[in-house]
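# Chains, contacts and geometry: an overview
Here is what each chain is made of, one letter per residue.
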Amino acid sequence: MDQVGLVLGGGAVRGLAHLGVLKTFERHEIPVDTIVGTSMGGAIGGLYAAGIPAGDIEDLLYHTPKYRLMDLGIRHRGLIGGNKIYHTVNELLKQHGKDELNIEDFPIRFKAVAVDLMQGKQVILDRGDLGTALRATTAFPGVFAPLVRGDQLLVDGGVLNNLPVQELKRKEVGLIIAVDVTREHENKPPRNMIEVVYRSYSLMTAERKHTSLRLADIVIRPDVGHVSAFDFSKMTDCIKAGEEAAELMMDELKAEVRRVKPGFKQT
């Protein structure tokens, strides 16, 4: 029960606030023993759990041309394929000497959440290759192509559960921190088909998110509600919002960490 668990939810571009939260955790040496993530939270959480610093993940975003992340084509069952994302993730892992690590060997325990469209059920990816797990958890339906794995057709876990706090078991984790980057409702009309689809899924999963939040000990809410889900020009704003939100919660965070980890030293 001396474990600290972190849950990182989906939110498209708003999910980049997770990077800001993790950067602040690093500055204050807040320990994280296990991470559960879906969608953008799964992508960032998986790389961080593998041992890649938040700043290096941020550098990847700023210095990787978008064409290296997207392979367009309706034939992929989506507007955007996923093979380039897979290869980019593996390149980053290789640069940090992590390319031969399986998820079960990470320094921080990690679970990515996806959904199997064939069975209509949530799927937990916590073993094997990270690139495959991230390819599945970020496959937003209608936008990114699903991942075919055996008889499964895997898509973004946010379809059923956009903040999977339930995947952290109280008998294993003494402190649960959730980072919520969604917003309840948008008054501005969606700008395109992708935003229509994304907003529809957000509305459908809103009630389950509230149930999930009640299970967390601490909830960090970066101020990213003004950012459209796919406005990549706001990446810096989202990361900064994550840093600021975590800083505001830092005194409470440190007190809670000391509760579960008496040896934790305040910095």
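All of these numbers come straight from a predicted model, not from anything done at the bench.

Cut-offs applied
Every chain is numbered independently, its residues counted from 1 as its sequence is written. Local features in this predicted model are restricted to residues whose pLDDT is 70 or higher, and side-chain atom pairs enter the listing and the counts only when it is 80 or higher, whereas totals over whole chains, interfaces and linings include all residues. Side-chain metrics rest on all non-hydrogen atoms present in the structure, leaving aside hydrogens and water. In these notes, a set of buried Ala, Val, Leu, Ile, Met, Phe, Trp, Tyr and Cys residues joined through side-chain atoms within 4.5 Å is what counts as a nonpolar core. Only protein chains enter the area calculation, which uses a 1.4 Å probe; residues under 20% of their type maximum are buried, those over 50% are exposed, and those in between are partly exposed. Two residues qualify as a contact provided that any one of their heavy atoms is within 4.5 Å of a heavy atom in the partner residue. Salt bridges are counted wherever a side-chain nitrogen of Lys or Arg sits within 4 Å of a carboxyl oxygen of Asp or Glu. Runs of E in the DSSP output that reach at least two residues are strands. Runs of H or I that reach at least four are helices, and both are numbered from the N terminus. Axis definition: a line fitted to C-alpha atoms, limited for helices to the stretch in contact. Angles are taken between N-to-C directions and run from 0 to 180 degrees. An angle below 35 degrees is treated as roughly parallel, one above 145 as roughly antiparallel, one from 65 to 115 as roughly perpendicular, and anything else as oblique. Each residue receives one of three labels: charged for Asp, Glu, Lys and Arg, nonpolar for Ala, Val, Leu, Ile, Met, Phe, Trp, Tyr, Cys and Pro, and polar for the others, Gly being one of them.

## Concerning the nonpolar core
One finds Phe25 and Ile220 to be the most contacted residues of the largest nonpolar core, which totals 59 residues. Sequence-distant contacts of Phe25, that is, excluding residues within four places in its chain, are made with Leu6, Ile30, Val32, Ile177, Ile220, Ala246 and Leu253.

## Re the pattern of salt bridges
Enumeration over the complete set of coordinates arrives at 10 salt bridges. A salt bridge links Arg27 to Glu243; the nearest nitrogen and oxygen atoms lie 3.0 Å apart. Of the two residues, Arg27 sits in helix 1 (residues 17-28) while Glu243 sits in helix 7 (residues 235-248), which places them 216 residues apart along the sequence. Owing to a relative accessible area of 44%, Arg27 belongs among the partly exposed residues under this scheme. Linking Lys261 and Asp33 is a salt bridge whose minimum nitrogen-to-oxygen distance equals 3.1 Å. Here Asp33 lies in the loop between helix 1 and strand 2 (34-38) and Lys261 lies in the segment after helix 8 (250-260), a separation of 228 residues in the sequence. With relative accessibility at 18%, the residue Lys261 sits in the buried group. Given the relative accessible area of 19%, Asp33 is considered buried. Here the salt bridges do not stand alone but share partners, grouping Lys23, Arg27, Glu58, Glu243 and Glu247 into one network.

## Here's the deal with the packing of helix 1 against helix 3 (residues 54-63)
Interaxial distance between helix 1 and helix 3 falls to 9 Å at its minimum, and their mutual angle equals 150°. The orientation of helix 1 relative to helix 3 falls into the category roughly antiparallel. On helix 3, the residues touching Leu19, Leu22, Lys23 and Glu26 of helix 1 are Ala54, Gly55, Ile57, Glu58 and Leu61. Counted by class, the contact of helix 1 with helix 3 contains five nonpolar, one polar and three charged residues.

By themselves, these observations are geometric and do not establish any function.
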